[in-house]
Amino acid sequence: MFAAERRQLILEMVRANGAVSLRELARVVQTSEVTVRRDVRALEAEGLLDRRHGGAVLPGGFTRESGFPQKSHLATAEKTAIADLAAGLVEEGEAIVVGAGTTTQELARRLARVPGLTVVTNSLLVAQALAHANRVEVVMTGGTLRGSNYALVGSGAEQSLQGLRVSRAFLSGSGLTAERGLSTSNMLSASVDRALVQAAAEVVVLADHTKLGTDTMFQTVPTDLITRLVTDEPPAHDDRAVTELQALADQGVQIAVAGQSGGGTGGDPVPAGRQPRRDMPLPGPRRGQVPGAGPQLRSATVLGEQSPGERARVADLRRR
């Protein structure tokens, strides 16, 4: 494929999806990430797109929200690995809330095996994934259906969450930064997500590496309310994503990085229970949080109590 053809295809993908990772672009145009990065840089120079941490977005600063058909085909292996690791946080008999999104949909498929679970959700896709789970009770919010992501939004959804209290909320979004926390591109979705957060004792964010460092219009969860982040390992060249992870950890967010078999977006899903390849350093408990309360992410390392080998791995991650 000639350079002009590659760049035209890259531009069409970004226009269709709003944001695409370099890894995904390289897979579609069947070339290396180095070549794709050079193409993205050339397109940015022409003002046709903007480079973002490990990917490309529409020009203009904030990324717009992609529809479900586009999202469902992006970073599929990463979302699978994240869902596998996040499912290990949920215990038998818990009551949780699960927000809308393709990553939370993957999580829901794994939660179908947890007995005695109660899941409150505003997502039709999450409810569908759990519909035939005999030992899981699904509670749907009210609200108005938003067709682009099959979620219930509006005052009806928010009012149905009033007075609710569960152990934790699992949420995803369009972007995540240490400065603003989790954000999304739609005002109605953001408002419902904030109501979900208010109902939970702790918040777990599920976000693949392409969302790290991306900022969108409406804040849903400020950084100081995020208890845990479950993400995938950024590519070796993505220094800004690594920096963002460290900044989140420095602000008290517990971080686990899910392993990925085979690497790249075409890799095989990671089996449930598999250990992550690398964990970012985890801070101590927040003020008011009881140490050891609730299930802990696997292979957790407490910031300031790292072994020499762990410190060396973190130093290597920063250099990369």
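Just above sits the structure.
Residues numbered from 1 in each chain as written. Predicted model: local features only at pLDDT ≥ 70, side-chain atom pairs only at ≥ 80, totals over all residues. Heavy atoms only, no water.

Topic: the overall build of the protein chain
- The number of helices and strands found in the protein chain is eleven helices and 15 strands.
- Out of the 320 residues in the protein chain, the part that is buried amounts to 54%.
- Accessible area of the protein chain: about 13600 Å², with a carbon and sulfur share of 50%. (Helix = DSSP H or I, 4+ residues; strand = E, 2+ residues; numbered from the N terminus. Buried < 20%, exposed > 50% of the residue type's maximum accessible area, 1.4 Å probe, protein only. Areas by Shrake-Rupley, 256 points an atom, 1.4 Å probe, with all protein chains shown as cover.)

A short note on the packing of helix α2 (residues 22-29) against helix α3 (residues 33-45)
- At their nearest, the axes of α2 and α3 sit 9 Å apart, and the two run at 105 degrees to each other. The pairing of α2 with α3 is recorded here as roughly perpendicular in orientation. Facing α2, whose interface residues are Leu22, Arg23, Leu25, Ala26 and Val29, α3 presents Glu33, Val36, Arg37 and Val40.
- Here the contact of α2 with α3 is built from residues that sort into six nonpolar, no polar and three charged. (Axes fitted to C-alpha atoms, helices over the stretch in contact; angles between N-to-C directions. Parallel < 35°, antiparallel > 145°, perpendicular 65-115°, else oblique. Contact = heavy atoms within 4.5 Å. Nonpolar A, V, L, I, M, F, W, Y, C, P; charged D, E, K, R; others polar.)

A short note on helix α9 (residues 187-198)
- For α9, built from twelve residues, the straight-helix expectation of 16 Å at 1.5 Å per residue is met to within 8% by its first-to-last C-alpha distance of 17 Å.
- Every buried residue of α9 is accounted for by Ser189, Ala190, Ser191, Val192, Asp193, Ala195, Leu196 and Val197.
- A distance of 3.0 Å separates the backbone nitrogen of Leu188 from a side-chain oxygen at the start of α9, and that oxygen is part of Asn186. (Expected span 1.5 Å × (residues − 1). Polar contact = N/O pair within 3.5 Å; in protein donor to acceptor, adjacent residues only side chain to side chain.)

Some remarks on the nonpolar core
- Ranked by size, the top nonpolar core spans 30 residues in total, and within it Leu176, Val205, Leu229, Leu248 and Ile255 carry the most contacts.
- Counting only elements with at least two residues in this core, the list comes to β9 (166-171), α9, β12 (200-206), α10 (239-250) and β15 (254-258). (Core = buried A, V, L, I, M, F, W, Y, C linked by side-chain atoms within 4.5 Å.)

Some details on the pattern of salt bridges
- One pass over the full model with this rule turns up twelve salt bridges.
- Residue Arg51 pairs with Glu44 through a salt bridge whose shortest N-O separation is 2.7 Å.
- For Glu44, a relative accessible area of 27% translates into the label partly exposed.
- One salt bridge in this structure joins Arg110 and Asp84, with 2.6 Å as the shortest N-O distance. You can see Arg110 sitting in helix α6 (residues 102-111) and its partner Asp84 sitting in helix α5 (residues 76-87), a full 26 residues away along the chain. Neither Arg110 nor Asp84 differs from the other in exposure class; each is buried. (Salt bridge = Lys/Arg side-chain N within 4 Å of Asp/Glu carboxyl O.)

Quick look at the side chain of Thr220
- Position of Thr220 relative to the elements: it lies in strand β13 (residues 218-221).
- Ignoring any residue separated from it by four or fewer positions in sequence, one finds Thr220 in contact with Leu182, Ser183, Thr184, Ala190, Asp193 and Arg194.

Concerning the sheet that holds strand β10 (residues 175-177)
- Spatial strand order, β10-β11-β13: three strands in an open sheet with antiparallel pairing. Of all strands in the sheet, those with a lone pairing partner are β10 and β13, marking the two edges. Shown here is a sheet whose adjacent strand axes are inclined to one another by a mean of 35 degrees, direction ignored.
- For β10 and strand β11 (residues 181-184), the ladder comprises three bridges, and the chain directions are antiparallel. The residue of β11 that forms the bridge with Leu176 is Leu182. (Pairing = 2+ DSSP bridges.)

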